[in-house]
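Residues per chain, in single letters:
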Amino acid sequence: MSFKHKKKYGQNFLTDAEEVLGKIMDVAQVGPEESIVEIGPGEGALTKLLLETANDVTCIEIDSDLEKILMNKFSKNPKFKLVMQDILEVNFDEEIGKKVKVVANIPYYITSPIINKLIENRRYVEEVYIMVQKEVAERICAKSGKERSILTLAVEYFADAEYLFTIPKEAFTPVPKVDSAFMSIKIRQDNPYEEMLEEKLFFKYVKAAFANKRKNIVNNLSMLGFEKEKLREALEENGVNPKKRAEAFSIDEFMELIKILERVGR
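Position numbers for residues start from 1 in each chain and track the written sequence from start to end. Per-residue local features are limited, in this predicted model, to residues with pLDDT of at least 70; the limit for side-chain atom pairs, both in listing and counting, is 80 or more; totals at the level of whole chains, interfaces and linings are taken over all residues. Excluding hydrogens and water, the side-chain values take into account all heavy atoms of the structure.

Q: Help me understand the overall build of the protein chain in this model?
A: Every helix listed is a DSSP run of H or I at least four residues long, and every strand listed is a run of E at least two residues long, numbered separately from the N terminus. Each helix and strand in the protein chain was counted, giving twelve helices and nine strands. Principal axes of the C-alpha set define a box for the protein chain whose edges measure 65 × 35 × 30 Å. Relative accessibility thresholds used throughout: buried, under 20% of the residue-type maximum; exposed, over 50%; partly exposed, between the two (1.4 Å probe, protein chains only). Relative to its 266 residues, the protein chain shows a buried fraction of 48%. Considering only contacts in the protein chain between residues 6 or more positions apart, those separated by 24 or more positions represent 67%. Accessible surface is estimated by sampling points in the Shrake-Rupley manner with a 1.4 Å probe; for residues, cover comes only from the protein chains shown. Working note: accessible area of the protein chain is about 13,400 Å², and carbon and sulfur atoms make up 46% of it. Note on charges: Lys and Arg go in the positive column, Asp and Glu in the negative column, and His and the chain ends are not counted at all. Lys charges are placed at NZ, Arg charges at CZ, Asp charges at CG and Glu charges at CD. Averaging the coordinates of the 41 positive side-chain charges in the protein chain and doing the same for the 45 negative ones gives two points 5 Å apart. By definition, residues are in contact when any of their heavy atoms lie within 4.5 Å.

So, in C-alpha cells, the structure goes:
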C-alpha cells in the first residue's frame, strides 16, 4: 500500500532506516518488562523493533490514513495497541494509566507542546527518547549560551536532558531542510527544584526573564512591577550582574535570583 506523506502533520519518515533505528534501540535500552509509548509511528518501522523487545507498545497516531497500514502489520500482536488521536489531546489516565518510556520520532512542528505534554504527565512518563530538529535538541540540552530558552529551563526544572546523536536530513523522505538529533529526557523521581521553588512561581519569573532575549535581566523583570533601580541595587548587593541576559543564567542561578527577587518586593 503506497502512502503519501502529509505536510500538515510534519511527516518525514526514515528511508535508509536500519542503522538509525539500530542506534535508537541501543540508546533507548528498551527492556522486556517495559511499556513503551510511540508518538507518530508512521508506517511502523520503529514500532516493529519496539514490539520485538518491549512488554507492550502503545502507538499514538493522528493520521487516519495510517491506521489501516499499522493494523495490517501489527493488530495480531497482543503487545500492540493503537490510539488514533492527536497526542496533545490524549488523556493519559484513560489511554496509558501506567509507567511508560516514550520512544518516538515526533512531529517537529509541535515539539515543544509534545515535550510539555509528556512532562505534565510525569506520573506515568519516566523517560523520553525522541527525535527532534538538531537545533532544538541543542537548545534543550544547552548548559550555557544563547541557545538557552524557556524550553531549556522547562525541561531542566523537571528532568535531565542529553543530546545523544545526530541524524542527517538525507536519511528521511521527503528530505527536510534541517538535520535531526536524537535526545533523551529523564524525568527526576525526586526533584530538588520543586522542593526549592514552586513550579508556578519559577515559571512566572522565567517567562518574564525571557520576554525579550535582547534585553538584560533588569529590563525584562521590571515588567513584573519591580522598580529598575531597586532591582539593580538588589542584584549588585547579591553579586549578580544586572546586565546579564536570561540565557546566561543556569537553573541554579535562576533559583537564587528568584529568591532575591522575592525578598526585594515591588
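There is more to say, and it comes next.
Q: Any chance you could explain helix α2 (residues 45-53) here in plain terms?
A: An α-helix turns once every 3.6 residues. As a result, residues three or four positions apart point the same way. Of all the positions in α2, only L46, T47, L50 and L51 are classed as buried. Down the axis, α2 shows its buried residues gathered within 135° of arc, on one side only. Structurally, α2 contributes buried residues whose contacts are with α1 (18-28), β2 (35-39), β3 (56-61), α3 (64-74), β4 (80-84) and β5 (100-105). The arc refers to the directions leading from the helix axis to the C-beta atoms.

Q: Help me out: how do you make sense of the packing of aromatic side chains in this one?
A: Classification of ring pairs rests on two measures: the distance between centres of Phe, Tyr or Trp rings, Trp counted by its six-membered ring, which must be within 6.5 Å, and the angle between planes, read as stacked under 30 degrees, edge-to-face over 60 and tilted in between. Enumeration according to the criterion identifies ten aromatic pairs in this entry. Ring centres of F202 and F203 lie 5.0 Å apart, and the angle between their planes is 80°; on these two criteria the pair is classed as edge-to-face. Neither residue differs from the other here; F202 and F203 are each classed as buried. Note that K244 overlies the ring of F249, its terminal NZ or CZ placed 4.2 Å from the centroid. Both a distance and an angle decide whether a charge sits over a ring: NZ of Lys or CZ of Arg must be within 6 Å of the ring centre and within 35 degrees of the ring normal.

Q: What am I meant to see in unusual backbone geometry here?
A: The general pattern is negative phi for most residues beyond glycine and trans for most peptide bonds. A positive phi angle, near 45°, is found at Q29, a position not held by glycine. Topologically, Q29 is positioned in the loop between α1 and β2.

Q: What is the right way to look at the sheet that holds β2 in this model?
A: Two strands in a sheet stick together by hydrogen bonds in their backbones, pointing the same way (parallel) or opposite ways (antiparallel). By this definition, two strands are paired if DSSP reports at least two bridges between them. Across the sheet, seven strands lie side by side as β4-β3-β2-β5-β6-β9-β7; this open sheet has mixed pairing. Of all the strands in the sheet, just β4 and β7 (159-167) have a single pairing partner and so form its edges. Pairwise comparison of adjacent strand axes, ignoring direction, gives a mean angle of 20° for this sheet. Throughout, an axis means a line fitted to C-alpha atoms (over the contacting stretch in the case of helices), and angles, computed between N-to-C directions, take values from 0 to 180 degrees. Sheet strands in contact with α1 are β5, β6 (125-133), β7 and β9 (180-187), and its direction is about 160° off that of β7. Sheet contacts for helix α6 (residues 134-141): β6, β7 and β9; angle to β7, the most-contacted strand, approximately 150°.

Q: What exactly am I supposed to notice about the packing of helix α7 (residues 150-158) against helix α12 (residues 251-264) here?
A: Two measures define how a pair of helices packs: the angle their axes make with one another and the distance between the axes. Running from N to C, α7 and α12 point in directions that differ by 90°, and their axes come no closer than 10 Å. Taken together, the axis directions place α7 and α12 in an arrangement best described as roughly perpendicular. Contacts between α7 and α12 pair L153, E156 and Y157 from the former with I251, F254 and M255 from the latter. Among the residues making up the contact of α7 with α12, the classes are represented as five nonpolar, no polar and one charged. Angular relationships are summarised with four words: roughly parallel below 35 degrees, roughly antiparallel beyond 145, roughly perpendicular across 65 to 115, and oblique for the angles in between. Only Asp, Glu, Lys and Arg are considered charged in this grouping, and only Ala, Val, Leu, Ile, Met, Phe, Trp, Tyr, Cys and Pro are considered nonpolar; every other residue, Gly among them, is considered polar.

Q: Could you clarify how one ought to interpret the pairing of β6 in this entry?
A: When β5 meets β6, the two strands line up parallel, connected through six bridges. For A104, the partnering residue across the bridge sits in β6 and is I130. Call a crossover right-handed when, viewed with both strands pointing away from you, the route from the first strand across the helix to the second goes clockwise. One crossover worth recording links β5 to the parallel β6 by way of helix α5 (residues 111-120), and it is right-handed. When β6 meets β9, the two strands line up antiparallel, connected through seven bridges. Considered in β9, the bridge of E127 is made with K186.

Q: Would you take a moment to explain the side chain of S35 for this structure?
A: With respect to the secondary-structure elements, S35 resides in strand β2. The exposure class of S35 is buried, given its relative accessible area of 9%. The definition of a polar contact used here is a pair of N or O atoms within 3.5 Å, where within protein one atom must be able to donate a hydrogen and the other to accept one, and adjacent residues in sequence count solely through side-chain atom pairs. A distance of 2.8 Å separates polar atoms of two side chains, one belonging to S35 and the other to D56. Filtering out sequence-adjacent residues up to four positions away, S35 remains in contact with N55, D56, K98, K99, V100 and K101.

Q: Can you help me understand the pattern of salt bridges in this one?
A: When charged atoms on two side chains of opposite charge get close, those side chains can pair. What makes a salt bridge here is a side-chain nitrogen of Lys or Arg within 4 Å of a carboxyl oxygen of Asp or Glu, nothing more. Across all of its chains, the model carries 17 salt bridges by this definition. Put simply, K134 and E138 hold a salt bridge, and the shortest N to O gap is 2.7 Å. Residue K134 and its partner E138 are both found in helix α6; the two are separated by four residues, about one turn of the helix. Among the charged side chains, a salt-bridge network with shared partners connects E34, K101 and E127.

Structural measurements only, silent on function.
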